[in-house]
Amino acid sequence: AAMIPSGAEALIVVTSTDIGFERNGEREIVMVFDVTRPTGTALSCTVTAMDSTYGRVGTKEQAVPASDDETTRVRAAVRTTTTAVTATVAGCSVLD
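Residues numbered from 1 in each chain as written. Predicted model: local features only at pLDDT ≥ 70, side-chain atom pairs only at ≥ 80, totals over all residues. Heavy atoms only, no water.

## Section: the sheet that holds strand E5 (residues 56-64)
Thinking step 1. Strand order across the open sheet formed by three strands is E5-E4-E7, with antiparallel pairing between neighbours. The sheet is open, and its two edges are formed by E5 and strand E7 (86-94), each paired on a single side. Averaged over all neighbouring strand pairs, the angle between strand axes comes to 20°, with direction disregarded.
Thinking step 2. Of the pairings in the sheet, the one linking strand E4 (residues 43-50) to E5 comprises eight bridges and is antiparallel in character. Bridge pairing in E5 places Ala49 opposite Gly58. (Pairing = 2+ DSSP bridges. Helix = DSSP H or I, 4+ residues; strand = E, 2+ residues; numbered from the N terminus. Axes fitted to C-alpha atoms, helices over the stretch in contact; angles between N-to-C directions.)

## Observations concerning the pattern of salt bridges
Thinking step 1. Tallying each qualifying case throughout the model produces two salt bridges.
Thinking step 2. Salt-bridge contacts for Arg75 lead to Glu22; the nearest nitrogen and oxygen are separated by 2.9 Å. Here Glu22 lies in strand E2 (residues 11-23) and Arg75 lies in strand E6 (residues 71-79), a separation of 53 residues in the sequence.
Thinking step 3. Here Arg73 ties to Asp34 by a salt bridge, and the two come within 2.7 Å at their closest N and O atoms. Of the two residues, Arg73 is situated in strand E6 and Asp34 in strand E3 (residues 28-36); the sequence distance between them amounts to 39 residues. (Salt bridge = Lys/Arg side-chain N within 4 Å of Asp/Glu carboxyl O.)

## Observations regarding the state of the cysteines
Thinking step 1. By the definition in use, this model includes one disulfide.
Thinking step 2. The residue that forms a disulfide with Cys45 is Cys92, at a sulfur-sulfur distance of 2.0 Å. Disulfide Cys45-Cys92: the torsion about the S-S bond is 105°, which places it as right-handed. Here Cys45 is found in strand E4, whereas its partner Cys92 is found in strand E7, with 47 residues between them in sequence.
Thinking step 3. Note on Cys45: relative accessible area 0%, which makes it buried. (Disulfide = S-S within 2.5 Å. Buried < 20%, exposed > 50% of the residue type's maximum accessible area, 1.4 Å probe, protein only.)

By themselves, these figures tell us nothing about what the structure is for.
So this is what it looks like as structure tokens:
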């Protein structure tokens, strides 16, 4: 969980849970994850794709719009320089 300052005293807690991924050919991987944050909070999440040696082969900033639901399932397609074998959410930040 990331604690993100949002004003003088308020802290917004954002958590992401990796669900899985799908490979779309050799140059793209789709990361599926759930993100939980207060309702009405828009986020930007950084998704990183990695190869078999855990080297980074792709990164995407995925916008997550504000929602009436606390938890949203997100699908982020990440273009890669070579074949990715896994992907993860590096972190999310609140959009003003």
